[in-house]
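Spelled out, the chains give:
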Amino acid sequence: MTILASWLDAIRARSEQPLRYLIRMLVGALLFFPGVATHIVAPWFHLPPQTEYWVGTVGIAAAVIGGLIALSGYLMILLIWLVRFLDT
């Protein structure tokens, strides 16, 4: 039970600054959507094959990293909401 209590205390300490996680979600979205768009439109510019491959790969990498950043922010907001709900 003490492990659960320490976990809840850690979430409560993080819930004092929820704006941090909203900003994390925004940064993740700002990486994710241009990354997907870069991957989609790379063939439209008729680049050399190797360049097109790397542009698409960088786009996918940005989309994956941005998605993970946004997901971590979203999950922390859900955890904060859950702990606040359990405290009432």
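Residues numbered from 1 in each chain as written. Predicted model: local features only at pLDDT ≥ 70, side-chain atom pairs only at ≥ 80, totals over all residues. Heavy atoms only, no water.

Attention now goes to the UniProt feature "transmembrane region" (unreviewed entry) in the chain. Within the UniProt annotation, "transmembrane region" (unreviewed entry) is assigned to residues 21-41 and 53-83. For the annotated span residues 21-41, helix accounts for 100% and strand for 0% of the residues, and the straight-line distance between the end C-alpha atoms is 30 Å. The distance separating the terminal C-alpha atoms of residues 53-83 is 45 Å; by composition the span is 100% helix and 0% strand. (UniProt positions renumbered as here; feature names shortened; annotations may be inferred. Helix = DSSP H or I, 4+ residues; strand = E, 2+ residues; numbered from the N terminus.)

Glancing now at the nonpolar core. Core analysis: the largest hydrophobic core is formed by 6 residues, namely Leu8, Ile11, Tyr21, Met76, Ile80 and Val83. Elements supplying a minimum of two residues to this core: helix H1 (2-14) and helix H3 (49-87). Looking at this core, the element that brings in the most residues is H3, giving 3 residues. (Core = buried A, V, L, I, M, F, W, Y, C linked by side-chain atoms within 4.5 Å. Buried < 20%, exposed > 50% of the residue type's maximum accessible area, 1.4 Å probe, protein only.)

Tallied over the entire structure, the rule returns 3 aromatic pairs. Arranged with centres 5.2 Å apart and planes meeting at 75°, the rings of Tyr53 and Trp54 form a pair that is edge-to-face. Judged by its relative accessible area of 49%, Tyr53 is partly exposed. (Phe/Tyr/Trp six-rings, centres within 6.5 Å; stacked < 30°, edge-to-face > 60°.)

This part takes up a nonpolar patch on the surface. A cluster of nonpolar side chains, contributed by Ile60, Val64, Leu68, Leu71, Tyr74, Leu75 and Leu78, occupies part of the molecular surface with about 620 Å² of accessible area. As for its placement among the helices and strands, Val64 is situated in helix H3. (Patch = residues over 30% accessible without salt bridge, like charges linked within 9 Å, V, L, I, M, F, W, Y side chains within 5 Å. Areas by Shrake-Rupley, 256 points an atom, 1.4 Å probe, with all protein chains shown as cover. Salt bridge = Lys/Arg side-chain N within 4 Å of Asp/Glu carboxyl O.)

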